[in-house]
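# Observations on the three-dimensional arrangement
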Amino acid sequence: MESTQLAPIPAAAGQTQSMVDEVDLTPVRTYWQLVRQRFMQHRLAVVGLILMTTLTTMAIVIPTVTGDAYQKTSLTLANHPASFINPFAPFGFDTIGQNIFIRLMKALQTSLFVAFSAVTIIVVIGVTVGAVAGYLGGRVDNALMRLVDIVLSLPSFFLIVMLVALWGSGNPAVVIFAIGLVGWTTAARLVRGEFLSLRETDYVQAARALGADDRRIVLRHMLPAAMAPVIVAATLGIADSVVVEATLSYLSFGISPPEASLGNMLTNALEFFFRSPALIFIPGITLILVVLAASFLGDGLRDALDPRQRVKG
Amino acid sequence: MAAYIFRRLLQSIPILIGIAIISFMIVHIAPGSPIDRFRSGRVSPETINNLIRLYGLDQPLLPIWVENGMSLLVSLFLMGLAGVLAWFALRGMRRGRTGLSVYATGLIALLLMGGSLYLIITGFREWQLLVTWPGQLINWMLAFLQVWRPDAWGYSFTDGQPVITKIAERVPYTLELMGTSLVLTVIIAIPVGILGAVRQYSLSDKIIMVLATIGYAMPTFWLGLVLKYIFAFQLDVFPLFGRHEFGDDSIVDLVWHMVLPVMTLTIVSVAGWSRYMRSSMLEVMRQDYVRTAKAKGLQTSRVLYKHALRNALIPIVTLLGLTIPSLLVGAAVTEAVFSWPGLGGLGVTSVIERDYPLVLAFVMVGGTMVILGNLLADVLYAFVDPRIKY
């Protein structure tokens, strides 16, 4: 009986040396401490985290400080290359004299905002549908999963193009909703799967036996346990959303000038493709960096949050 | 297996109806109208009204069914009968009966279902309700099934051509692009993936993984632009865009024009497939039977290619099925970058011009391809892996 009461108090441990020897002295670590440890051991994940934090911070801070500067044109500065005289334009100026760096940061802000908002919608719809289907089961589950099947069978990119083009071309809100409304199915399936297995676990049965109502069981007990795959899917979803937004803007359905987005910077650059290719490479490489950061982060989170899911190799 | 395919085909009917309803509603409830671009001071209100009537935009979205109640009831009864028969057939198949009676029942069920659908369609045509471009949801869905009629999918709003013809004439262009790219992807990605797995953590593996990760992160259209800049502008070896030089129909010219778009598509998919192949191969190489084969003293090459590779290819075969839908509609962006006259470009244009019949046809064709692709993937999976039973 004595030996099962664990968590040795340091003071007591010093007194009775013989007892302490039998006790496992490795510090008790919570789930999140383990997660952090596993995450930090994943080198690419840390790189992804640093990259993502840097890009997000720059995208928030620089456009806020510079304000409207990203729209300012100047004919005298048109096609001006980068120079030491103007340290605020490390990439020089584009064909209508806009500061490329400031415009890039604004574009990054827009693209990240669209991606994060779209992923939020994906998570909210996906978790709600998945949780309801997985918890209630039976007919509700069946009906909701048929809905998921239908949405999954729609040609997704064409549907997004259709939604954006017909319901408000050039409007960031429409882009966000289009990506969100088409993309929630994966999250829903993941949460439903988790809920189906969690529903039968002992601790949920115990909570029910103690008289917890459905709301409490779902929100307090099941949802936190089901979130790991959703967090991973959401992180990877950011990468996808950024690319979809850029592609939409490239096809001139997305966000249109004078607002800046990574996609429409590329579209504008097309006109002067062969004269100033830097205009293609700068937003493109930024885009790749965002996607890489998000996917490294997602892979790392998957290994850290849920080691069973680890992709071997 | 037959029962499984049969059940999946039955299940896909409600899914297709769902797709039809959702896409129809998205298109028709959307703000704005296809005739908005004609609304200027110079176009008379009568012309506008005529256009509205011509396009069928004045019809209610849901039809008034009351007049044709009889035909409908009969058809629905037949449908119900077919459903019951199908259920019996399925139950028989699931219980492992393989006799003639089970398949006959299934066949009769399918025939009845087709017959009742046909009754509904012809019934509506006799009551003059089936218009060429149905603005009504149900009429549109019914008309859509009559693929053998050239006007089944309606006429394009922009040039008045039948939608079926417009889509059909673009299919080969997209297929030549996507087909070539798919073949190249398989040829390149599988050896590359195997190399990465066999020499795990070696220099070549690291290089492959870095390249694959970057290739995976690149947006397709951007890669297209970069290739265009390098090969069409700086080096000036390949043409910038298009499928043919004007007045030159030779194969050489076609291949010359195909290089850059195919390269774009292939690089992107090789990046994904080789990662997939590598992890699949690693997974298999870790298994006991491979160790046993090695322990028996078999040659390494024999272990790898005779024992490991066969199982590692199973997920790739599935991937092949899932790629089928993108064969037709997946290349929209690449086609836009290289002005390739394929389906993807047609789809994007149809959306811009609010060519409703064409847009809806695209969604339906795309949806059907996705469903068939998924079915094919599952069937192939069971076919190559006898452990899988449905």
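Criteria and thresholds
Residues numbered from 1 in each chain as written. Chains lettered and ligands numbered in written order. Predicted model: local features only at pLDDT ≥ 70, side-chain atom pairs only at ≥ 80, totals over all residues. Helix = DSSP H or I, 4+ residues; strand = E, 2+ residues; numbered from the N terminus. Buried ≥ 20, exposed ≤ 12 C-beta atoms within 10 Å, placed from the backbone. Contact = placed C-beta atoms within 7 Å. Core = buried A, V, L, I, M, F, W, Y, C linked by C-beta atoms within 7 Å. pLDDT = per-residue confidence, 0-100. Expected span 1.5 Å × (residues − 1).

Before going further, it helps to examine the overall build of chain A. Looking only at helices and strands, chain A features 13 helices and zero strands. Ordered by position from the N terminus, the helices and strands of chain A form the series α-α-α-α-α-α-α-α-α-α-α-α-α. The buried share of chain A, taken over its 313 residues, is 43%. Long-range contacts, defined as pairs at least 24 residues apart, comprise 68% of the intrachain contacts of chain A with a sequence gap of at least 6.

A word on the nonpolar core. By size, the foremost hydrophobic cluster in this structure holds 159 residues, and its most contacted members are I160, V161, V164, A187 and V291 of chain A. Broken down by element, this core gets its largest block of residues, 19 residues, from helix 5 (residues 100–136) of chain A. Not counting residues within four places of it along the chain, the set of residues in contact with V161 of chain A comprises L248, L251 and F253 of chain A together with V348 and V351 of chain B. A3, L85, M93 and A109 of chain B belong to the second-largest nonpolar core, a separate cluster that totals eight residues.

With 34 residues of chain A at the interface, the matching set in chain B holds 41 residues. Breaking the side of chain A that touches chain B down by element, the ones donating at least two residues are helix 6 (138–153), helix 7 (156–168), helix 11 (214–250) and helix 13 (278–305) of chain A. For the side of chain A that touches chain B, the element with the most residues is helix 7 of chain A, which contributes nine residues.

As a further point, take the confidence of the model for chain B. All names here are of chain B. Considering every residue of chain B, the mean pLDDT works out to 80; 89% of them sit at 70 or more. Scored below 50 in pLDDT, residues 63–67 shows six contacts in the model against residues more than four places distant or in partner chains. As scored by the predictor, the complex reaches a pTM of 0.78 and an ipTM of 0.79.

Right, let's get into helix 9 (residues 185–198) of chain A. Residue and element names in this part refer to chain A. When the terminal C-alpha atoms of helix 9 are compared, their 20 Å separation across 14 residues agrees well with the 20 Å that a helix rising 1.5 Å per residue should span. For helix 9, the buried fraction is high: ten of the 14 residues fall into the buried class. For helix 9, the full list of buried residues reads T185, A187, A188, R189, L190, V191, R192, E194, F195 and L198. Turning to helix 9, the residues buried within the fold contact helix 5, helix 6, helix 10 (202–209) and helix 11.

Relative to the helices and strands, V351 of chain B resides in helix 13 (residues 343–352). Separated by eleven residues in the primary sequence, V351 of chain B and F362 of chain B place their C-alpha atoms 9.9 Å from one another. The contact partners of V351 of chain B, leaving out residues within four places of it in the chain, are V161, M162 and A165 of chain A together with V359 of chain B.

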